[in-house]
Amino acid sequence: MAAVYSLYIINKSGGLIFYKDYGLAGRMDTNDTLRLASLWHSMHAISQQLSPVSGCSGIELLQADTFDLHCFQSLTGTKFFVVCEPGTLHMESLLKHIYELYTDYVLKNPFYEMEMPIRCELFDINLAQAVQKDRVALLGR
């Protein structure tokens, strides 16, 4: 079973710009992925405003019985979140690594337009390697 079920990247206005499914069971259709990304963007924004802690950056971890959702928000407002097996460790470091791949292969791509869907082969290849490397590391523990 895969540690990471899926990866989402949401632009600062809440639009889904990248989605990759790594799980084998329970694939969602396109409308459901768009709905989930939009819902997460809204919940994240509301949590920032309702938090009793000043300077809160929003929800970073949502734990459920069947999955965990880890979120990383960049300084530009782009959100990266993974849905993974419950109790999976070190997802924060994986999300930061994915952000580094995003900056290296997407933002530095002269043909990429900001806030648009990501279609970059080098990003896809390196992302697949990062997720596979994370799976191998989890199996070794």
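As a reminder, the structure under discussion sits directly above these lines.
Keep in mind it's a predicted model, so treat the numbers as computed, not measured.

1. Regarding helix α1 (residues 30-50)
Along its 21 residues, α1 runs 30 Å from first to last C-alpha, staying within 8% of the 30 Å computed at 1.5 Å per residue. When α1 is considered as a whole, its buried residues turn out to be Thr-33, Ala-37, Trp-40, His-41, His-44 and Ser-47. For α1, the buried positions fall inside an angular range of 135° around the axis, keeping them on one side. Of the residues in α1, the exposed ones pointing more than 90 degrees away from the buried face are Arg-35, Gln-49 and Leu-50.

2. Some details on the sheet that holds strand β3 (residues 61-63)
What the 5 strands build is an open sheet, ordered β2-β1-β5-β4-β3; its pairing is antiparallel. At either end of the open sheet lies a strand with only one pairing partner, and these are β2 (16-21) and β3. Strand-to-strand twist of the sheet, defined as the mean angle between neighbouring strand axes without regard to direction, takes the value 10°. Sheet topology note: the strand β1 (residues 4-10)/strand β5 (residues 79-84) ladder contains 6 bridges and is antiparallel. When the sheet's bridge partners are listed, Ser-6 is paired in β5 with Val-83. Contacting β1, β2, β4 (68-73) and β5, helix α2 (residues 91-107) crosses the sheet at an angle of about 135° to β5.

3. A short note on the pairing of β1
For β1, the buried fraction is high: 6 of the 7 residues fall into the buried class. Bridging between β1 and β2 involves 5 bridges; their strand directions are antiparallel. What sits directly across from Ser-6, in β2, is Asp-21. What sits between β1 and β2 in their antiparallel hairpin is a turn of 5 residues, with Gly-14 showing a positive phi close to 95°.

About the criteria used
- Residues numbered from 1 in each chain as written.
- Predicted model: local features only at pLDDT ≥ 70, side-chain atom pairs only at ≥ 80, totals over all residues.
- Heavy atoms only, no water.
- Helix = DSSP H or I, 4+ residues; strand = E, 2+ residues; numbered from the N terminus.
- Expected span 1.5 Å × (residues − 1).
- Buried < 20%, exposed > 50% of the residue type's maximum accessible area, 1.4 Å probe, protein only.
- Arc of directions from axis to C-beta.
- Pairing = 2+ DSSP bridges.
- Axes fitted to C-alpha atoms, helices over the stretch in contact; angles between N-to-C directions.
- Contact = heavy atoms within 4.5 Å.

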